[in-house]
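Below, each chain spelled out in residue letters.
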Amino acid sequence: MLTTENIDGLLQRNGNVLSADGDKIGSVGQVYADDADGQPTWVTVKTGLFGTSESFVPLQGARLEGDDVVVPYTKDQVKDAPRVDTDGHLEPSEEDRLFGHYGLDGHRNYTETGTRGDAAGTVGRDTSGPTTDGAMTRSEERLNVGTERQAAGRARLRKYVITENVTKTVPVQREEVRIEREPITDANRGAALSGPDISEEEHEVTLHEERPVIEKETVPVERVRLEKDTVTDEVTVDEEVRKERIETDGMDDVRR
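Every chain is numbered on its own, with residues counted from 1 as its sequence reads. Residue-level local features of this predicted model are given only where pLDDT is at least 70; pairs of side-chain atoms are given and counted only at 80 or more, and the full residue set underlies all totals for whole chains, interfaces and linings. The basis for every side-chain value is the complete set of non-hydrogen atoms in the structure, without hydrogens or water.

Just checking my understanding: could you explain the overall build of the protein chain for this structure?
Helices and strands together make up the secondary structure of the protein chain, namely four helices and eight strands. Segments assigned H or I by DSSP are reported as helices when at least four residues long, segments assigned E as strands when at least two residues long, and all are numbered from the N terminus. The secondary structure elements of the protein chain, listed N-terminal to C-terminal, are α-β-β-β-β-β-β-α-β-α-β-α.

Looking at this model, I keep getting lost on the nonpolar core. Mind explaining?
Across soluble globular proteins, you tend to see nonpolar side chains buried next to one another. The biggest cluster of nonpolar side chains holds 25 residues, and the ones touching the most others in it are Trp42, Val57, Val71 and Tyr102. Secondary structure elements with two or more residues in this core: α1 (7-12), β2 (24-34), β3 (40-47), β4 (53-58) and α3 (92-102). We call a set of buried Ala, Val, Leu, Ile, Met, Phe, Trp, Tyr and Cys residues a nonpolar core when their side-chain atoms join them within 4.5 Å. Summary of the burial criterion: residues with accessible area below 20% of their type's maximum are buried, those above 50% are exposed, and those between are partly exposed, where the area comes from a 1.4 Å probe applied to protein chains only.

Where do I start with the pairing of β4 in this structure?
Looking down a regular strand, the side chains alternate between one sheet face and the other. Of all six residues that make up β4, five are buried, and the element is covered over most of its length. The pairing of β3 with β4 spans six bridges and is antiparallel. Its bridge partner lying in β4, Trp42 is registered against Pro58. Think of it this way: DSSP has to see at least two bridges between two strands before they count as a pair.

Quick question: what am I supposed to make of the pattern of salt bridges here?
Side-chain pairs of opposite charge can arise whenever the charged atoms involved come near each other. By convention in these notes, a salt bridge is any Lys or Arg side-chain nitrogen within 4 Å of a carboxyl oxygen on Asp or Glu. Scanning all chains against the criterion turns up eight salt bridges. Where Glu140 meets Arg142, a salt bridge forms, and the shortest distance between an N and an O atom there is 2.6 Å. Residue Arg142 is classed as exposed on the basis of its relative accessible area of 64%.

Whenever I open this one, α3 confuses me. Can you help?
Given 3.6 residues per helical turn, the α-helix brings residues three or four places apart onto the same face. For α3, the set of buried residues is Glu94, Glu95, Leu98, Phe99 and Tyr102. In an axial view of α3, the angular spread of the buried residues amounts to 130°, which keeps them on one side of the axis. Downstream of α3 by one or two residues, Gly103 has phi in the positive range, about 70°. Think of the arc as the fan of directions from the helix axis to the C-beta atoms.

Help me understand the pairing of β3 in this model?
Of all eight residues in β3, seven are buried, a share of seventy percent or more. Where β2 and β3 come together, five bridges link them in antiparallel fashion. If you follow Val28 over to β3, its bridge partner there is Val45. Hairpin remark: β2 followed by β3, antiparallel, with five residues in the connecting loop; positive phi at Gly38, about 75°.

Looking at this model, I keep getting lost on the environment of Gly66. Mind explaining?
If you trace the backbone, Gly66 turns up in the loop between β5 (63-65) and β6 (68-70). Owing to a relative accessible area of 59%, Gly66 belongs among the exposed residues under this scheme.

I'm lost on the packing of aromatic side chains in this one. Help?
Pairs of aromatic rings are described using the distance from one ring centre to the other and the angle between the two planes. Planes of paired rings set the category: under 30 degrees apart is stacked, over 60 is edge-to-face and the rest tilted, where pairs are Phe, Tyr or Trp rings (Trp by its six-membered ring) whose centres lie within 6.5 Å. In total, this model carries five aromatic pairs according to the counting rule given. Each ring, one from Trp42 and one from Phe99, has its centre 5.6 Å from the other, and the planes form 55°; the classification is tilted. Residue Trp42 is found in strand β3, and its partner Phe99 is found in helix α3; the two are separated by 57 residues along the sequence. Relative accessible area serves as the criterion here: at 5%, Phe99 is assigned to the buried category.

In this structure, what is going on with a nonpolar patch on the surface? I would like to understand it.
Taken together, the side chains of Leu143, Val145, Val235, Val237 and Val241 define a hydrophobic patch exposed on the protein surface, amounting to about 440 Å² of accessible area. Following the sequence through the fold, Val241 ends up in the segment after α4 (189-192). Look at Val241 and you get partly exposed, because its relative accessible area is 36%. For patch detection, residues must exceed 30% relative accessible area and be free of salt bridges, and they are connected within 9 Å for like charges or within 5 Å for nonpolar side chains (Val, Leu, Ile, Met, Phe, Trp, Tyr). Each accessible area is a Shrake-Rupley estimate made with a 1.4 Å probe; only the visible protein chains count as cover when residues are assessed.

Here it is in structure tokens:
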């Protein structure tokens, strides 16, 4: 449990509140102390866009780790905590809702002891309280709009194999047999009369032909890659903001 001796240092170190598994929940906002003994018991965590939302987290079981506070709760459990106004004091009904959310027992009143960068001190609960002066503070909400980067989709390249027919015409040659007859002349007479006068005889020739031979080879034809381009769109944000107005009662016009 944190003590009053290290509250001021905690608020001024600009630390964060971490979950039990080391995830950052948000930055330290305010510390609330028990009205009975003054011991710090609650811390608020600034979450959301620009830290505009604050959630209450019990300091029971919390520990300091450098400039950060580690609490025994998950990030989702803290962000789902009941919304309670950080107006400097916890009402009994507000305490009951927070206790029930975190599974704790107890019923005490807590008052803010300080905020990051401020000295610890008492804060008035309303305009009729004894600790306020004669002035009234008027506040209003301001709309702070920013952007956050998030994944919108995935694109991937995938190769697959298809089969298609390719037709090509290739010229081929073949041998055909034909009969040639030549008369007996003085030049071939010796060859013609070299055999027997009358005989049976066969003569054979071999015919050749060409056939297509198919070979396939794999060759690179192109390279394909994914590239990302950044485009800018305009998005209109429409949100309600609250403003306080101050009216006067019981004041009559005085004419001189």
